[in-house]
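Each chain, letter by letter, is given below.
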Amino acid sequence: MSQLSQSIGRCISHVIEPDGLYLHAENADVRIRVWSANIIQIHISIQEEAESFSYAVDGKPAKTKFKIEESKGEFQLSTSEIILRIKKSRIRFSFFDKRNNILNSDDPAFGTSWINSELTTYKSLQEGERFVGLGEKAKNLDRRGEAFVNWNTDAFGYGSWTDPLYASTPFFIGLHNDRCYGIFLNNSHRSKFNFGASNHRFASFSVDGGDMNYFFIHHKKVEDIVKSYVSLTGTMPLPPKWSLGYQQCRYSYYPQEEVEEIAATFREKQIPCDVIYFDIHYMYKYMLFTWDKERFPEPSKLIARLKKMGFKVVVIVDPGIKIDENYEVYQNGILKDVFVKYPDGSNYSANVWPGKCNFPDFTKAEVREWWQEELKVLADCGLEGFWNDMNEPSSWGQDTPDNIEFNYEGHPTTHKKARNVYGMQMARATYDGARKHLKNKRPFILSRSGFSGVQRYAAIWTGDNTASDESMMLGARIVSNLGLAGIPFAGFDVGGFLGDASSGLYQRWIALGAFSPFFRGHTMINSKRSEPWSYGEETEEIARNYISLRYRMMPYIYSIFYRASCDGTPIARSLVLDYSFDEMIYRHEFQDQYMFGPSLMICPTESGKQFRKIYLPKGQWFDLYNDKKFSGGKEHVIELASHRFPVYVRSSAIIPMQSQTQSLAEHPDPTLCIHVYNGRNSNSFELYEDDGGSYGYQKKDYAKKTITLDPSKRTLQFSRTEGSFKSEFDKYRIYFHGFSKIRSLRLNGKILKQQKEEYRFIEAVSNFDPFYRHVDESIRIEELSYVEFKNLKREVELKF
């Protein structure tokens, strides 16, 4: 090695520990820790004392069997799933699967080395290796040949090659030779990932300071790697159901008469909507925790009136506190010493919307408690949703001094280490405050900035995008990438925040948004209005249809959100999860496609095009609109229409739907429609219900059952209902798609006859379209059988 850089050096001594292995080397200390059979932590420190605290890691190591063997030249640590070999002479790490196939290895010459305080780990590139992940990043799905920086940035008007963006999740997945692994870099300093950019020798990840602390994860399937990562960084809380509906925002709606006019127009035009946002103009001179009494003279009464109409209100809450001796929030902040400081003890200040501001140090527990109390004035008005913006933190000039200091939970540090977690800790303070003041109601928190683990507190949206096809397509890709980074509740500003969308672009984008986890329309001040009715009657009708479809699909959507809250299963599913080694999904023309939940293939499409090439992976697929069958494993050229957004249903899918509502505060009709698609493979769907807003589900006040399709036996089974919640649905109606004509059915062995009191079987329904009665009147499914019967808590088997 050159004298310009240093490496770990040779192993001098070692200690076998209950959870792993400690190595004392010439130039560093190394601790290898077994977290589970599938997760091994490598922690390399060149400091006197290794760092032990992490905002990202929320999990605990599981007691795991492992074996350590020593030979003359190396140690071997083995679990039931991973073999780790460690060379002694120059400490290098090589990871193998249990069959002794190489997964990942250090570059033999460089390993982990450093120049001054910058540590870098170099990994040998494997033949044909691809890389995916890193969450909110632009560029291509396959990161090979590219480099990225993690440094939370106010990236106003970003494009397809902008880096970095607003949030940082230093976790990636490597794939080669039908094998895959994940690496999570547990360090909040500015970090850089190089996946073979400008070299043909190695991939690398580096940090500007602190320790080289990473977790190596291996499973056979990418989805299981994501779940293991989530076991480290935490799952999202189950959100309130209203936050899954359509949300309307503008910078800004004011005065209150305009807000009420917007709400009334949604109801008058029968366009479903659950949320209206108040941007910075609701505040008095942009000062946090205040109301402009001229624009919003009686906020509590306004919020109550909107609630009666089925609307929730979400307000923006930025971090900057205006420096004003007559401003009570500022006075309290000074009194309680809550602000970030320079090394000389004076409060750091910068300009943002209110003018000259100080910034709370959210990395200090007492400051988060102060913030929670300040939030009470908003919660007391009836608010249940809070929008954290500008929390990178952003200020005019966009160059926050690195020497400002943060508490970092009693581990004092500078901006260099604290910046990437600042927005996450603001979201944490907001979430904890909202939980405290809302008692038994689930809050909704939306954040622009974040770090690994932010999903424990907030949803993420992709910031200030532009009204362009490029931004729309990129947004779809980023949201599915955020799912790979353990953040399932994510979305983009439909229509684009910056600039004016054309009607054709908005038509495509509102349809895409209907199949996104977070669904919000938003646009900038002094730009064209972007409500669904702002683009003419045709576009309004298209918007109404797709927003309405989302509301009808809410049993499906709420169920997949529940699963995501349990184990981190992505909602917008990158095709990497299910088709990891299918080379076609990485091609530029197909890399924006994703699955919405387990069953729906979403094919984002640029405006103005009459035809599009799509790729359907192996298996059989159905056109959502007319049940036309498509063979998988090949490309298809499809004709496009403005009112028909390309969506395909995976064979053997089970999709529960409800009747139309205008808000999620309304109760649907008591009949649950379950659409079942023919296929070769068995499949199951976990149907989940609860009251949609309280924490009763944590005490099993829910209704959960598994629906299982076995095409070979031609059976559909319903498990016994788990939980104490009384379902909203007292009747099930099962629609059969793609099956040969069904002439008889058996329910728990008994032949069903048509038009009985407890059930009815309709042999064939003509001229019936269960999905899109208003999208295209020419669409008809000529023959569709269905059966209807009571929702029973006991097990049920339907044979057809």
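Now for a description of the structure that goes with this document. (Residues numbered from 1 in each chain as written. Predicted model: local features only at pLDDT ≥ 70, side-chain atom pairs only at ≥ 80, totals over all residues. Heavy atoms only, no water.)

**Some thoughts on empty space enclosed by the protein**
No. 1: Considering all chains together, one arrives at five cavities of 30 Å³ or more under this definition.
No. 2: For the largest cavity, the calculated volume is near 140 Å³.
No. 3: Lining the largest cavity are 16 residues, with Pro237, Pro239, Pro443, Ile445 and Tyr457 positioned closest to its centre.
No. 4: Here the residues of the lining of the largest cavity sort into 14 nonpolar, one polar and one charged.
No. 5: Roughly 70 Å³ of volume is contained in the second largest cavity. (1 Å grid on protein atoms, 1.4 Å probe; cavity = no way out; pocket = protein on both sides within 12 Å on 5 of 7 lines; lining within 4 Å. Points joined across faces, edges and corners; volume = space filled by probe spheres on them. Nonpolar A, V, L, I, M, F, W, Y, C, P; charged D, E, K, R; others polar.)

**A closer look at the pairing of strand 25 (residues 349-352)**
No. 1: Where burial is concerned, the two faces of strand 25 differ: the one with Ala350 and Val352 is buried and the one with Ser349 and Asn351 is not.
No. 2: Of the strand pairs in this sheet, strand 25 and strand 26 (residues 355-358) are connected by four bridges, and their pairing is antiparallel. Following the sheet pairing, serine 349 is matched in strand 26 by asparagine 358.
No. 3: Hairpin remark: strand 25 followed by strand 26, antiparallel, with two residues in the connecting loop. (Buried < 20%, exposed > 50% of the residue type's maximum accessible area, 1.4 Å probe, protein only. Helix = DSSP H or I, 4+ residues; strand = E, 2+ residues; numbered from the N terminus. Pairing = 2+ DSSP bridges.)

**Regarding the packing of helix 5 (residues 365-379) against helix 6 (residues 415-438)**
The packing of two helices is summarised by the inter-axis angle and the distance between the axes.
No. 1: Across the interface, helix 5 lies against helix 6 with an axial gap of 8 Å and an inter-helix angle of 55 degrees. Judged by the angle between their axes, helix 5 and helix 6 are oblique. With respect to the hand of their crossing, helix 5 and helix 6 are arranged in right-handed fashion. Every residue of helix 6 that contacts helix 5 at Arg368, Trp371, Gln372, Glu373, Leu375, Lys376 and Ala379 is listed here: Gln425, Met426, Arg428, Ala429, Thr430, Asp432, Gly433, Ala434, Lys436, His437 and Leu438.
No. 2: Taken together, the residues that form the contact of helix 5 with helix 6 break down as seven nonpolar, five polar and six charged. (Axes fitted to C-alpha atoms, helices over the stretch in contact; angles between N-to-C directions. Parallel < 35°, antiparallel > 145°, perpendicular 65-115°, else oblique. Left-handed = near helix turned anticlockwise from the far one by under 90°. Contact = heavy atoms within 4.5 Å.)

**Describing helix 7 (residues 469-484)**
No. 1: Between its first and last C-alpha atoms helix 7 spans 23 Å; for 16 residues at 1.5 Å apiece the expected length is 22 Å, and the two agree.
No. 2: Summarising burial for helix 7: 14 of the 16 residues are buried, a large majority.
No. 3: Downstream of helix 7 by one or two residues, glycine 486 has phi in the positive range, about 80 degrees. (Expected span 1.5 Å × (residues − 1).)

**Re the layout of surface pockets**
No. 1: Of the voids in this model, the largest pocket is the one considered here, and its volume is about 990 Å³.
No. 2: Taken together, 38 residues make up the lining of the largest pocket; nearest its centre are Arg573, Asp578, Pro598, Arg650 and Asn683.
No. 3: Broken down by secondary-structure element, the contributors of at least two residues to the lining of the largest pocket are helix 1 (222-233), helix 10 (554-567), strand 39 (620-623) and strand 45 (683-689).
No. 4: A per-class count over the lining of the largest pocket returns 11 nonpolar, 15 polar and 12 charged.
No. 5: Its boundaries defined by the atoms lining it, the second largest pocket holds a volume of some 600 Å³.
No. 6: Contributing to the lining of the second largest pocket are 35 residues, with Gln41, His43, Glu51, Ser52 and Asn213 lying nearest its centre.

**Some thoughts on the sheet that holds strand 13 (residues 130-133)**
No. 1: With antiparallel pairing, eight strands are arranged side by side in an open sheet as 2-3-4-5-20-17-16-13. The open sheet terminates on both sides in strands that have one partner only, identified here as strand 2 (11-17) and strand 13. The mean angle between the axes of side-by-side strands here comes to 20 degrees, regardless of whether they run parallel or antiparallel.
No. 2: As paired elements, strand 4 (residues 29-36) and strand 5 (residues 39-45) share seven bridges and run antiparallel to each other. Bridge pairing links isoleucine 32 to isoleucine 42 in strand 5.
No. 3: Lying on the sheet, helix 1 is in contact with strand 4, strand 5, strand 16 (171-176), strand 17 (179-185) and strand 20 (212-218); it crosses strand 17 at an angle near 20 degrees.

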